[in-house]
Amino acid sequence: MSISIQRNRYEGRDYYVCLPTSYAQGNTRYPVVYVQDGDRLLSVLENLLGAGHGNDSGRLYEHIIVGVIPQNRHDEYTPWPAQAVMNGAPAFGGLGDQYLQFLAMGLKPHIDANYRTLPGSADTSIIGVSLGGLISLYAIYKQDCFGCAASISGSFWYPGFVSFMQAHTPLSSTVRVLLLSGRTEGVGDPPPLRCSVNCLNRAHLILKKQLPHQDIPLIWDDGGHMDNLDLRFERALQLVLRR
């Protein structure tokens, strides 16, 4: 199955739009997935297609994928400022609220106006990896336009994030959350990264309490951070589409 990939620009930010082959064949409207680190994960998507993956009854890529390219992921993908975790690494700017406002009030209406989308929250998902996975989960607490969040190797070790989740009021009962990670995330890393697995398990328990009527998949593999990215991304897309 082939897709059409377009690179566009909106309010000074580059993004990709991936359209399935069937988009040009009728008037069907499609669910939309907003992908963080769009340039990186769209390369993964192209590899999946080239490898012949995506045999989920032909439906895996029957949605519009919007790959948003970050300007500064250490700032945009973090919910509040925090110090660097390693010497020589940049600090975290904590501009996540502003970034999510751009997605929800700027880019999403722009996409809905220019493509045949299903604009409701039930058909609007957000996916990210690492810090992108952190901001994707944060999004469902802060913006009600996202009805599903998939976090791949999400940086839930981020200072204060699990406590934020714990203190938050219950989520909308219709929100879906998908978590994918490796069993050796953070092994050998300095704190707080070495707490990755523990923080993910704590986040999972919180989500199960906040969404008692939803299945919250937590899918592990034997890799570490950013390992098996093709397979994790494919699995996340499969789960996002399954409603």
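Just so you know, these numbers come straight off a predicted model, no measurement behind them.

### Some words on the overall build of the chain
Consideration 1: Scanning the chain from N- to C-terminus turns up 7 helices and 8 strands.
Consideration 2: For the chain, whose C-alpha radius of gyration is 17 Å, the value lies close to the compact-globule estimate of 18 Å for 243 residues.
Consideration 3: Based on the C-alpha atoms only, the size of the chain along its principal axes is roughly 50 × 40 × 35 Å.
Consideration 4: For the chain, contacts bridging at least 24 residues in sequence account for 70% of all contacts bridging at least 6.
Consideration 5: For the chain, the computed accessible surface area is about 10,600 Å², with 49% contributed by carbon and sulfur atoms.

### A short note on the packing of helix H3 (residues 96–114) against helix H4 (residues 131–142)
Two packed helices can be described by the angle between their axes and the distance between those axes.
Consideration 1: For the pair H3 and H4, interaxial distance at closest approach is 10 Å and the crossing angle is 75°. As far as their axial angle goes, H4 and H3 are roughly perpendicular. Contacts between H3 and H4 pair Gly96, Asp97, Tyr99 and Leu100 from the former with Ile135, Tyr138, Ala139 and Lys142 from the latter.
Consideration 2: A breakdown of the residues in the contact of H3 with H4 according to their chemical character gives 5 nonpolar, 1 polar and 2 charged.

### A look at the confidence of the model for the chain
Consideration 1: Of all residues in the chain, 92% have pLDDT values of 70 or greater, and the mean over the chain is 89.
Consideration 2: No element of the chain has a lower mean pLDDT than helix H1 (residues 38–50), which averages 71, and none a higher one than H3, which averages 98.
Consideration 3: Of the regions scoring below 50 in pLDDT, residues 52–58 engages in 10 contacts with residues more than four places distant in sequence or in other chains.

### Things to note about the nonpolar core
In summary, soluble globular proteins display a tendency toward joint burial of nonpolar side chains.
Consideration 1: Core analysis: the largest hydrophobic core is formed by 54 residues, its most contacted members being Val66 and Leu107.
Consideration 2: Counting residues per element, the ones that place at least two in this core are strand S2 (13–20), strand S3 (32–35), strand S4 (64–68), H3, H4, helix H5 (161–167), strand S7 (176–182) and helix H6 (196–210).
Consideration 3: With 8 residues, the top contributor of residues to this core is H4.
Consideration 4: The residues contacting Leu107, other than those within four sequence positions of it, are Tyr10, Tyr15, Tyr34, Val66, Val68 and Phe102.

### Topic: the packing of aromatic side chains
Consideration 1: Following the criterion strictly, the structure yields 16 aromatic pairs and no others.
Consideration 2: Each member of the aromatic cluster is reached from another via a ring pair, and the members are Trp80, Phe92, Tyr138, Tyr141, Phe156, Trp157, Tyr158, Phe161 and Phe164.
Consideration 3: Just above the ring of Phe102 sits the side chain of Arg13; from NZ or CZ to the centre is 4.9 Å.
Consideration 4: The ring of Tyr23 carries Arg116 above its face, with NZ or CZ at 4.0 Å from the centroid.

### What about the pairing of S4?
Consideration 1: For S4, the buried fraction is high: 5 of the 5 residues fall into the buried class.
Consideration 2: Burial of S4 is two-sided: the residues Ile64, Val66 and Val68 facing one way and the residues Ile65 and Gly67 facing the other way are all buried.
Consideration 3: Here 4 bridges tie S2 to S4, and the two strands are oriented antiparallel to one another. Residue Cys18 lies in a different strand from S4, and its bridge partner there is Ile65.

### Topic: the environment of Leu237
Consideration 1: Residue placement: Leu237 occurs in helix H7 (residues 229–241).
Consideration 2: Classification of Leu237 by relative accessible area gives buried; the value is 0%.
Consideration 3: In the structure, Leu237 is positioned 209 residues away from Thr28 in sequence and 20 Å away in space, judged by C-alpha atoms.

Criteria and cut-off values
All chains use their own residue numbering, which begins from 1 and follows the written sequence. The predicted nature of this model means local features are confined to residues of pLDDT at least 70 and side-chain atom pairs, given and counted, to a pLDDT of 80 or more, with totals for whole chains, interfaces and linings taken over all residues. By convention in this description, side-chain values take in all heavy atoms of the structure and omit both hydrogens and water. Helix and strand assignments follow DSSP, with helices taken as H or I runs no shorter than four residues and strands as E runs no shorter than two, numbered in order from the N terminus. Atoms counted for the radius of gyration: C-alpha only. Globule rule: 2.2 Å times residue count to the power 0.38. Note on definitions: a residue-residue contact is assigned when non-hydrogen atoms from the two residues lie within 4.5 Å. The protein chains shown are the only cover counted for residues, whose accessible areas, like all others here, come from Shrake-Rupley with a 1.4 Å probe. In this analysis, axes come from line fits to C-alpha atoms, helices being fitted only over the stretch in contact, and the angle between any two N-to-C directions falls in the range 0 to 180 degrees. Here is the rule for angles: anything less than 35 degrees is roughly parallel, anything more than 145 is roughly antiparallel, 65 through 115 is roughly perpendicular, and the remaining ranges are oblique. Each residue is assigned to one of three groups, with Ala, Val, Leu, Ile, Met, Phe, Trp, Tyr, Cys and Pro labelled nonpolar, Asp, Glu, Lys and Arg labelled charged, and all others, Gly among them, labelled polar. Confidence scores labelled pLDDT are given residue by residue by the predictor and lie between 0 and 100. Buried residues of nine kinds, namely Ala, Val, Leu, Ile, Met, Phe, Trp, Tyr and Cys, make up a nonpolar core once their side-chain atoms join them within 4.5 Å. In this scheme, a residue with accessible area under 20% of its type's maximum is buried, one over 50% is exposed, and one in between is partly exposed, where area comes from a 1.4 Å probe on protein chains only. Any two of the Phe, Tyr and Trp rings considered here, Trp counted by its six-membered ring, make a pair once their centres fall within 6.5 Å; the pair's planes then place it as stacked at under 30 degrees, edge-to-face at over 60, or tilted in between. The rule for a charge over a ring is simple: NZ of Lys or CZ of Arg within 6 Å of the ring centre, and within 35 degrees of the ring normal. Here the rule is simple: two strands pair whenever DSSP picks up at least two bridges between them.

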